[in-house]
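Fold and geometry: a report
So you can see what is in the structure, the chains are spelled out below.
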Amino acid sequence: MGRSLATALIVIAIILAVMFMLTRNPSIAPVDPPAAASFSADQVARGEVLAGIGNCAACHTTSTSNPYAGGRDFSTGFGTLYSTNITPHPQDGIGTWSRDAFVRAMREGIARDGSYLYPAFPYPHFKNLSDEDLNGLYAYLMLLEPVAYTPPDNAMRFPFNLRFLQWGWQLLFFYKTPLKADPQQSEAWNRGAYLAEGAGHCSACHSPRNAFGAEKKDRAYAGALIDNWYAPALNAAQPVPVHWDSESLYRYLRKGQSAYQGVAVGSMSEVVHQGLHKAPDADIRALATYLSSLAGHVESENSATRAAQLIQSAQQRTDSDRSHGEHLYITACAGCHFNAADNPLALRAELSLNSAITAEDPTNLLRILLQGVPASEGSPGIVMPDFAVLSDGDIASLAQFLRIRADLPPWQKLEQRLRELRRQLGHNTAAQQGGNQ
Ligand code: HEC
Ligand code: HEC
Ligand code: HEC
């Protein structure tokens, strides 16, 4: 027993050593931080818009006083990883990275010193960016205020702390070839595809991942849990009964609101209000064109008629079933969320049409009930109160009644999910309540 274990360990050690040798990438020599004059104003402006579409700040910023200085934690199944400082600080940030070093990181997931980066950094999407767009991003980052801040050391478990093992991950799951334009499709569709699959990395949140943390290509946009939010399906399996079309997608991505599908909350509100917000209208239209095609629906349905029918039926269901959940809905929610069938309001969404209720995963509804939607989240300045004082049993009956109203089967394991969320968000909820007092 002892001997075979020792032999196995030696063999593993040899394999690791050989892999280490085989997988080494050259380091790219450090340079002096480039002078502002080496970039054109156009490049910087282009980079700023792309940094928004790529939502770089959301992952690389922990406090508004230190933008892009990194330090946000990502708890992966393999340990905790921290985002890096991408300001041009020479020691703490990427100030000594040449353009080539930056481009290699974005396209190949390899840092300046030659080590592999983890795919929590969405380089599998950023590889699709054009030279011009990467030059713009590089210019924009290099002209940011350098911030002296070193993010905490990663706490990845052995063997995942060995960066060279990412070589194997890349071999299995990373295709270096960038996205190609589809000549069968319109210019707007191709532009939308480029933005969504590239800088926007929309599928990074909206697609389920495999056990190794890679997006399942065959289930792209099928919906996924990410950081305790549920990013709903956007393909044909989209849970909203009034389907997304290019017009509603445009309004949602531009303003964060759509009359029939509601408002952008949680991480999506950051994507819309801080990320996409400087992107030109043509780009938002292009994104909407591409996304609406993912569902494969023909845009012939009349959304207003369909919504009116669905709202009327939901309101009838309200009349027939006098459950405890219904009582809670009428007293706690309907005052704000009751909608006239022919004129539903995005800001007080008709709940029977909303993905928080119609998705197969109850996370968003539970989370909204536990935390509310503070002024800084969802639509800027607009608040929905939290209902964290309700007992687990009350929240569950209310949630199941909302499912009945939407003509859907009850959610399974609802109270278990609620307890998990209370535990996981405990910290946030307390901080938020503290902040409101
Ligand atoms: C979903 C979160 C996320 C987003 C969005 C994101 N990053 Fe990162 N980024 C990370 C993480 C995490 C790392 C650290 C990876 C590691 O240590 O292996 C990282 C690392 C990097 C690195 C390598 C830096 C170094 O010191 O090794 C660069 C460059 C970078 N990001 C640039 C960007 C740019 C530019 C954008 C926007 C276009 C962006 N990132 C968007 C999470 C993100
Ligand atoms: C950081 C993760 C994240 C990224 C990146 C992201 N989303 Fe989302 N998205 C979410 C979450 C979470 C929700 C659910 C929140 C809600 O319904 O308000 C959502 C909701 C949506 C919805 C509404 C779905 C529904 O039926 O309610 C649309 C449309 C959408 N996202 C489009 C996009 C597009 C387009 C992109 C890329 C530009 C994108 N998302 C990038 C997390 C993300
Ligand atoms: C005081 C008015 C008010 C009450 C009471 C209220 N809400 Fe809301 N609700 C809002 C507003 C306003 C928003 C939009 C918040 C934003 O955009 O920032 C919202 C958003 C939501 C959303 C997100 C919808 C979307 O468009 O994605 C859900 C789900 C929700 N409410 C459920 C409920 C439930 C369930 C109750 C009852 C327990 C309730 N609300 C009670 C005002 C209210």
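Residues numbered from 1 in each chain as written. Chains lettered and ligands numbered in written order. Predicted model: local features only at pLDDT ≥ 70, side-chain atom pairs only at ≥ 80, totals over all residues. Heavy atoms only, no water.

So, the coordination of the iron atom of ligand 2
Formally: For Na, K and Ca the donor cutoff is 3.2 Å, while for all other metals N, O and S atoms must lie within 2.8 Å; water is not among the atoms, so some sites may look incomplete. Here the metal geometry follows the donor angles, with tetrahedral for four donors whose angles all fall between 85 and 135 degrees, square planar for four and octahedral for six when opposite donors are more than 155 degrees apart and every other angle is between 65 and 115, and irregular for all the rest. Under the scheme used here, helices are H or I runs from DSSP no shorter than 4 residues and strands are E runs no shorter than 2 residues, and both carry numbers assigned from the N terminus. Under the scheme applied here, a residue whose accessible area is under 20% of the maximum for its type counts as buried, over 50% as exposed, and between as partly exposed, the area being computed with a 1.4 Å probe on protein chains only.
The iron atom of ligand 2 binds to the protein through His206 (NE2) and Met268 (SD); the donor distances cover 2.1 to 2.3 Å. Bound by six donor atoms, the iron atom of ligand 2 shows angles of 88 to 180° at the metal and therefore octahedral coordination geometry. Residue His206 is located in helix H9 (residues 202-206), and its partner Met268 is located in helix H11 (residues 267-275); the two are separated by 62 residues in the primary sequence. Considered together, His206 and Met268 belong to a single accessibility category, that of buried residues.

Remarks on the site of ligand 3
Here is the rule we go by: Nearness of a residue to a molecule or strand requires only that one of the residue's heavy atoms be within 4 Å of it. Nitrogen and oxygen atoms within 3.5 Å of one another constitute a polar contact, given that in protein one can donate a hydrogen and the other can accept it, and given that sequence-neighbouring residues count only through two side-chain atoms.
Around ligand 3 there are 25 residues in total, and Val263, Cys333, Cys336, His337 and Met384 lie nearest to it. Within the contact set of ligand 3, a nitrogen atom lies 2.8 Å away from a side-chain nitrogen or oxygen of His337. Ser379 is positioned with one of its side-chain polar atoms (N or O) 2.7 Å from an oxygen atom of ligand 3. The biggest single contributor to the shell around ligand 3 is helix H14 (residues 324-337), with four residues.

With respect to the domain arrangement of the chain
Put simply, the test is: Domain boundaries shown here were taken from an automatic or database domain assignment.
Domain annotation of the chain identifies domain 1 (2-173) and domain 2 (309-436). Placing the centre of domain 1 and that of domain 2 at their C-alpha centroids yields a distance of 39 Å.

Topic: the site of ligand 1
The cut-off we apply is this: For this scheme, ten residues count as nonpolar: Ala, Val, Leu, Ile, Met, Phe, Trp, Tyr, Cys and Pro. Four count as charged, namely Asp, Glu, Lys and Arg, and the remainder, Gly too, count as polar.
Ligand 1 sits among 22 residues. The nearest are Cys56, Cys59, His60, Tyr118 and Arg163. His60 is positioned such that a nitrogen or oxygen atom in its side chain is 2.9 Å from a nitrogen atom of ligand 1. In this structure, an oxygen atom belonging to ligand 1 sits 2.7 Å away from a side-chain N or O atom of Arg163. Residue contributions to the shell around ligand 1 peak at three residues, all from helix H3 (residues 56-60). Residue composition of the shell around ligand 1, grouped by class: 15 nonpolar, six polar and one charged.

Quick word on the coordination of the iron atom of ligand 1
There is one protein donor for the iron atom of ligand 1, and it is His60 (NE2), at 2.0 Å. Inspection of the secondary structure assignment puts His60 in helix H3.

Topic: the confidence of the model for the chain
Under the convention used in this document: Confidence per residue, as judged by the predictor, is encoded in pLDDT with a range of 0 to 100. Two residues qualify as a contact provided that any one of their heavy atoms is within 4.5 Å of a heavy atom in the partner residue.
Averaged over all residues, the pLDDT of the chain equals 93, while 96% of them reach at least 70. Counted against residues more than four places away or in other chains, residues 427-437, with its pLDDT under 50, gives eight contacts.

Remarks on the packing of aromatic side chains
Quick reminder of the rule: Aromatic contacts are taken between Phe, Tyr and Trp rings whose centres are within 6.5 Å, Trp giving its six-membered ring; a plane angle under 30 degrees counts as stacked, one over 60 as edge-to-face, and the others as tilted. By definition, being over a ring means that NZ of Lys or CZ of Arg is both within 6 Å of the ring centre and within 35 degrees of the ring normal.
A full pass over the atoms with the stated rule returns twelve aromatic pairs. Ring plane angle 50° and centroid distance 6.0 Å describe the contact between Phe121 and Tyr123, whose orientation is recorded as tilted. When its relative accessible area of 22% is taken as the criterion, Phe121 is described as partly exposed. With a centroid separation of 5.6 Å and 35° between ring planes, the pair formed by Phe173 and Phe212 is classed as tilted. With Phe173 in helix H7 (residues 166-173) and Phe212 in the loop between H9 and strand E4 (224-226), this residue pair connects regions lying 39 residues apart in the sequence. Members of the aromatic cluster, joined through ring pairs, are Phe121, Tyr123, Phe126 and Phe174. Sitting above the plane of the Tyr250 ring, Arg285 keeps its charged end 3.6 Å from the centroid.

Examining the pattern of salt bridges
Defined as follows: The term salt bridge refers to a side-chain nitrogen of Lys or Arg lying within 4 Å of a carboxyl oxygen of Asp or Glu.
What the rule picks out here adds up to 15 salt bridges. We note a salt bridge from Arg422 to Asp392, for which the minimum N-O separation is 2.8 Å. With Arg422 in helix H18 (residues 414-436) and Asp392 in helix H17 (residues 392-405), the pair connects residues that are 30 residues apart, well separated along the chain. Here Arg417 makes a salt bridge to Glu420, at a shortest N to O gap of 2.8 Å. One end of the pair, Arg417, and the other, Glu420, are both in helix H18, three residues apart, so they sit about a helical turn from each other. Since its relative accessible area comes to 13%, Arg417 is described here as buried. Exposure remark for Glu420: the relative accessible area of 23% places this residue in the partly exposed category.

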